[in-house]
Amino acid sequence: MAAANTTKISWRLHEFEAHTSSVSCSALGKSSGRLLATGGEDCRVNLWAVSKANCIMSLTGHKTPVECVQINVSEDQIVTGSQSGSIRVWDMEAAKILRTLTGHKANITSLGFHPFGDFLASSSMDTNIKLWDIRRKGYVFRYTGHTQAVRSVAFSPDGKWLASASDDGTVKLWDLMQSKMITEFKSHTAAVNIIQFHPNEYLLASGSSDRTVKLWDLEKFTMIGSMEGNTSPVRCICFSQDGSCLYSGATDSLRVFGWEPDRCFDVVPVGWGKVSDLAVCNQQLIGVSHQLSSVSSYVVDLKRVKKSGGSVIQGIIQDNQPLTEPKDPKGAALRRNYERPTTTCSTQRVKQRSDTDRRSPEGERRSPSEDEADEKVSSAEIHNAEDYKEIFQPKNAISRTPPKISEPFPAPPEDETILAIGRQLKDMISPFPDKQQIPPLASSTPVQRVEPTVVSCVKRPAPSAVSTASSNAPAQAPPPPQPPVTMAKSKPQAKIILSTRNEPIGLNVADFLPPSPNNRGGALSDEEALSQIKKGHDTMCVMLSSRHKNLQTVRAVWAREDIKSALDAAVSMNDLSIVVDILNIINLQPSLWKLDLCTTILPQIDKLLQSKYESYMQTGCTSLKLIMKHFWLLISETLKASPSVGVDITREERHQKCRTCCKHLKNLSNMVKNKAAQVGRHGSAFKELQLLMAPLDDLL
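All figures in this text were calculated on a predicted structure; none of them were measured in a lab. (Residues numbered from 1 in each chain as written. Predicted model: local features only at pLDDT ≥ 70, side-chain atom pairs only at ≥ 80, totals over all residues. Heavy atoms only, no water.)

For this particular structure, what's the right way to read the overall build of the chain?
Looking only at helices and strands, the chain has 17 helices and 29 strands in total. Taking contacts inside the chain between residues at least 6 apart in sequence as the whole, the part at least 24 apart equals 58%. Taken as a whole, the chain presents about 32300 Å² of accessible surface, with 51% of it coming from carbon and sulfur. (Helix = DSSP H or I, 4+ residues; strand = E, 2+ residues; numbered from the N terminus. Contact = heavy atoms within 4.5 Å. Areas by Shrake-Rupley, 256 points an atom, 1.4 Å probe, with all protein chains shown as cover.)

And the structure:
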């Protein structure tokens, strides 16, 4: 919130010494924008939380300087490439090395994880691109054709294509199923440094040392835009999360481009020097750069950056002229969008070529024993156990990303704005109901997110009245009686809040009853009674208003896209009540459920079953029963099936989803067993679930 109200558009977040020698590469976690990995000439890879200077973990094992590093989408794996051409894949949750891959003859220049499955692509100064299966030694396929070093590789969102950019000035597009080049783009006049696919549409962007960013239509294989204006080589590009604009990072500046027609919406001066990576998260753009042994992180507030309308750069579209509407206002929408793969790869061809390549690798020949010895030398040293557990091993085993992204990075407090916001937030939860309540931004749920009750402590006229009311409560108030509202006794209130009840939450009914004859204190005045009734009311109104807006957002996503996207949007809001509302709908319609929906819902069920609200537990139990009844057979049969030969991306994607579901189900099974020992109707419900989840024991 602070960043949204400050006068700053960009600022340096942090600068720290990252290695004992020069830093050679750095990469951000694209999902959270909070995790940073750096590689150095000291042959180490260090992991950091972007806003902190203390190293979380160091990865050792490379024998030559680390030249490239990449973090996967779920931010639980990292791949590193060295000057000698060796590649190492690391499991961050287990803090260990997964695989050492060898085959390149020169520096690794770029690495990329496949959007699904255990595959990754690598490029090198040796001009080759290789596709790897992390589960096996040796590469699956080798792509050749570039005449100079390959600088960047990227998978398409549907996982069917691979794009590569090279110092030879070309961009090539490869079909992973057919194992051949589809097309080649040659319009750049200098080395192409970076490429990225549009998140939805069939578009590819490329940034070059010729100081231009070009966009390519992947249906017609033509260039549809060439954005100029950069005063230095383009080092990083990044599409906005909705794909409406493109951010271009060059030396000390960020440009915001649009296309059809070509235009530059905004230019933001940022003192990041030669920026090495960008990530967009929570309406902020995070950039990292390195110089010598230090690393700097920067933040650009995207809410204050122009992303539509007229141009601010003369020469593309004059900034003093309004932007004319294109003849076809929905031209972009007519372009084809990516779909998840529905057909299998040409496994026979991939199998034949991969066998040939494995028999005659170009890289160094190594025996399995050499690889095993090399992996034993590799290690992951945890320097900050507290941050490591928070980021990679949370107690509920749900989120693997660093600090929750519900709040953006705050801007430096150079004025009174931040203090004013702090005062507003303090007033929102003030115990005095007559105080002006200031609603927060509608983009996120207020401070008390999950718990729909906010109880404020209101001072009573006299302690005797409290003690009298509490002594009379058992005789006249519905059980169980509420204790006097004191900070000391509010902590043990861990009872389950029933879904049906006869008294309001947070109010002591005894406060409104006539005073005891033994108590000489006066009865509550009308104003005091009204104050008791209204306590927390304004805050609750703000919360419900925000919840309503969030539900409208989810509904719009559902109508525009599908239920999976709507549920992802609900989860990203970090408000469990929104998730419960969605689940209560889809629990009544089992036909809406798909396997990928289960991967999103199961982590939320973990939260629901641990909630103190009975209605949340009931919703979680219903969803878990539905998953066990409709998907357990598919999950178990997929995991028991023998591995396929060759590359079958659709099967790999399904197998990955089943593994994820099984992992969550195992955690839930342990929780259900513990709760089944409870006495009462909740225990009975969990015993029923325990019986339903019994087949898990056979598989696990």
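What follows continues from the structure just given.
Even after reading the chapter, I still don't get the packing of aromatic side chains, so can you show me in this structure?
Considering all chains together, one arrives at nine aromatic pairs under this definition. Every member of this aromatic cluster is reached through a ring pair, and the members are F141, Y143 and W174. (Phe/Tyr/Trp six-rings, centres within 6.5 Å; stacked < 30°, edge-to-face > 60°.)

Sorry if this is basic, but what is going on with the packing of helix α12 (residues 576-586) against helix α13 (residues 595-609) here?
Packed helices, taken two at a time, are described by their axes: the angle between them and the distance between them. Contact geometry for α12 and α13: axes closest at 11 Å, N-to-C directions at 120°. One element, α12, and the other, α13, form an angle in the oblique class. As for the relative orientation of α12 and α13, their crossing is left-handed in sense. Residues L576, V579, V580, L583 and I586 of α12 form the contact with α13, whose own contacting residues are L597, I601, Q604, K607 and L608. Residue composition of the contact of α12 with α13, by class: eight nonpolar, one polar and one charged. (Axes fitted to C-alpha atoms, helices over the stretch in contact; angles between N-to-C directions. Parallel < 35°, antiparallel > 145°, perpendicular 65-115°, else oblique. Left-handed = near helix turned anticlockwise from the far one by under 90°. Nonpolar A, V, L, I, M, F, W, Y, C, P; charged D, E, K, R; others polar.)

Explanation requested: helix α10 (residues 537-560) in the structure shown.
Structurally, the α-helix is built with 3.6 residues per turn, so residues lying three or four positions apart point the same way. The terminal C-alpha atoms of α10, which comprises 24 residues, lie 35 Å apart, in line with the 34 Å expected from a rise of 1.5 Å per residue. Burial in α10 covers these residues: T539, V542, M543, S546, N550, V554 and V557. (Expected span 1.5 Å × (residues − 1). Buried < 20%, exposed > 50% of the residue type's maximum accessible area, 1.4 Å probe, protein only.)

Whenever I open this one, the pairing of strand β14 (residues 150-155) confuses me. Can you help?
Looking along a regular strand, one sees side chains alternate from face to face of the sheet. Burial analysis of β14 places five of its six residues in the buried class, which makes it a mostly covered element. The turn joining β14 and strand β15 (residues 161-166), which pair antiparallel and follow one another in sequence, is formed by five residues; a positive phi near 75° is taken by G159. (Pairing = 2+ DSSP bridges.)

What's the story with unusual backbone geometry in this structure? I'm lost.
Along the chain, E260 connects to P261 via a cis peptide bond; the corresponding omega equals 5°. Positive phi, close to 75°, is recorded for T127, a residue that is not glycine. With respect to the helices, strands and loops of the structure, T127 is situated in the loop between β11 (119-124) and β12 (129-133). Positioned with a positive phi, N574 is a non-glycine residue whose angle comes to about 60°. With respect to the element layout, N574 can be found in the loop between α11 (563-572) and α12.

Please explain the sheet that holds strand β7 (residues 77-82) as it appears in this structure.
Adjacent strands of a sheet pair through backbone hydrogen bonds, lying either parallel or antiparallel. Judged by pairing direction, the sheet is antiparallel, and its four strands sit side by side in the order β6-β7-β8-β9 without closing on themselves. Bordering the open sheet on either side are β6 (66-71) and β9 (96-101), each of which pairs with just one other strand. Here the average twist between neighbouring strands, direction ignored, is 20°.

Please clarify how the pattern of salt bridges should be interpreted in this entry.
Side chains that differ in charge, positive against negative, can pair when their charged atoms come close. Taken as a whole and assessed by the stated rule, the structure comprises 17 salt bridges. A salt bridge links K172 to E184; the nearest nitrogen and oxygen atoms lie 2.5 Å apart. With K172 in strand β16 (residues 171-175) and E184 in strand β17 (residues 180-185), this pair connects stretches of sequence that are 12 residues apart. In this structure, R560 and E561 form a salt bridge, with 3.6 Å as the shortest nitrogen-oxygen distance. (Salt bridge = Lys/Arg side-chain N within 4 Å of Asp/Glu carboxyl O.)

For this particular structure, what's the right way to read the state of the cysteines?
The term disulfide refers to a covalent linkage connecting the sulfur atoms of a pair of cysteines. Going through the model one piece at a time under the given rule, you end up with zero disulfides. Here C236 is not cross-linked by a disulfide; its sulfur's nearest cysteine counterpart is in C238, at 9.0 Å. When its relative accessible area of 4% is taken as the criterion, C236 is described as buried. (Disulfide = S-S within 2.5 Å.)

Quick question: what am I supposed to make of the environment of D133 here?
For D133, the position within the fold is in strand β12. Residue D133 is classed as buried on the basis of its relative accessible area of 0%. The residues contacting D133, other than those within four sequence positions of it, are D118, F119 and V140. A polar contact of 2.9 Å, which involves the side chain of D133, links it to the side chain of R135. For D133, the side chain forms a polar contact with the side chain of R136, separated by 2.3 Å. (Polar contact = N/O pair within 3.5 Å; in protein donor to acceptor, adjacent residues only side chain to side chain.)

Looking at this structure, I do not really get the sheet that holds strand β5 (residues 57-60). What am I missing?
Read across the sheet, five strands follow the order β2-β3-β4-β5-β29 without closing on themselves; strand pairing throughout is antiparallel. For this open sheet the edge positions go to β2 (23-28) and β29 (379-382), each flanked by a neighbour on one side alone. Ignoring strand direction, the axes of neighbouring strands in this sheet form an average angle of 20°. Examined bridge by bridge, strand β4 (residues 44-49) and β5 share four bridges and lie antiparallel to one another. Directly across from V45, in β5, lies its bridge partner L59.

Explain the side chain of S611 to me, please; I cannot follow it from the model alone.
Residue placement: S611 occurs in the loop between α13 and α14 (614-640). Owing to a relative accessible area of 14%, S611 belongs among the buried residues under this scheme. Excluding residues within four positions of it along the chain, S611 makes contact with Y616 and M617.

Explain the nonpolar core here, please?
Across soluble globular proteins, you tend to see nonpolar side chains buried next to one another. Counting residues in each nonpolar core, the largest one holds 48 residues, and the members touching the most others are W593, I601, L609, L624, I635 and L665. Ranked by the residues each element gives to this core, the list is headed by α14, at 10 residues. Excluding anything up to four places from it in sequence, L624 contacts L602, I605, L609, L665, L668, V672, L689 and M693. Among the nonpolar cores identified, the runner-up in size contains 20 residues, and V45, I56, M57 and V66 belong to it. (Core = buried A, V, L, I, M, F, W, Y, C linked by side-chain atoms within 4.5 Å.)

Looking at this model, I keep getting lost on the confidence of the model for the chain. Mind explaining?
For any part of a model where pLDDT is low, the fine detail of the predicted coordinates should not be relied upon. Taken over all residues, the pLDDT of the chain has a mean of 75, while the share at 70 or more is 71%. Of the regions scoring below 50 in pLDDT, residues 1-5 engages in 20 contacts with residues more than four places distant in sequence or in other chains. When the criterion is pLDDT under 50, residues 312-333 qualifies, and its contacts beyond four places in sequence or with other chains add up to 28 contacts. (pLDDT = per-residue confidence, 0-100.)

When you look at α13 in this model, what are you seeing that I'm missing?
With 15 residues, α13 extends 21 Å from end C-alpha to end C-alpha; this agrees with the ideal 21 Å at 1.5 Å per step. Along α13, 13 of the 15 residues are buried, which leaves the element largely enclosed by surrounding structure.

I tried to follow the packing of α11 against α13 on my own but got confused; where do I start?
Interhelical geometry of α11 versus α13 gives an angle of 25° and a closest axis separation of 10 Å. Viewed along their axes, α11 and α13 adopt a mutual orientation that is roughly parallel. In the crossing of α11 with α13, the sense of the turn from one axis to the other is left-handed. Of the residues in α13, those touching α11 at I563, K564, L567, D568 and V571 are D596, L597, T600, I601 and Q604. Of the residues that constitute the contact of α11 with α13, the class distribution is five nonpolar, two polar and three charged.

Sorry, what's going on with the pairing of strand β21 (residues 222-227) here?
Inspection of the sheet shows strand β20 (residues 213-217) paired to β21 by five bridges, in the antiparallel sense. Counted as the bridge partner of D217 is T222 from β21. Hairpin connection from β20 to β21: four residues lie between these consecutive antiparallel strands, with F221 at a positive phi of about 55°.

Looking at this structure, how should I read the environment of S289?
Of note, S289 is situated in strand β27 (residues 284-291). You can call S289 buried: its relative accessible area is 6%. Between the C-alpha atoms of S289 and V275, which are 14 residues apart in sequence, the distance is 4.5 Å. Discounting residues that sit within four places of it in the chain, S289 has contacts with W272, K274, V275, S276, S294, V295, S296 and Y298. Within the local environment of S289, its side chain forms a polar contact with the backbone oxygen of W272, the two atoms lying 2.8 Å apart.

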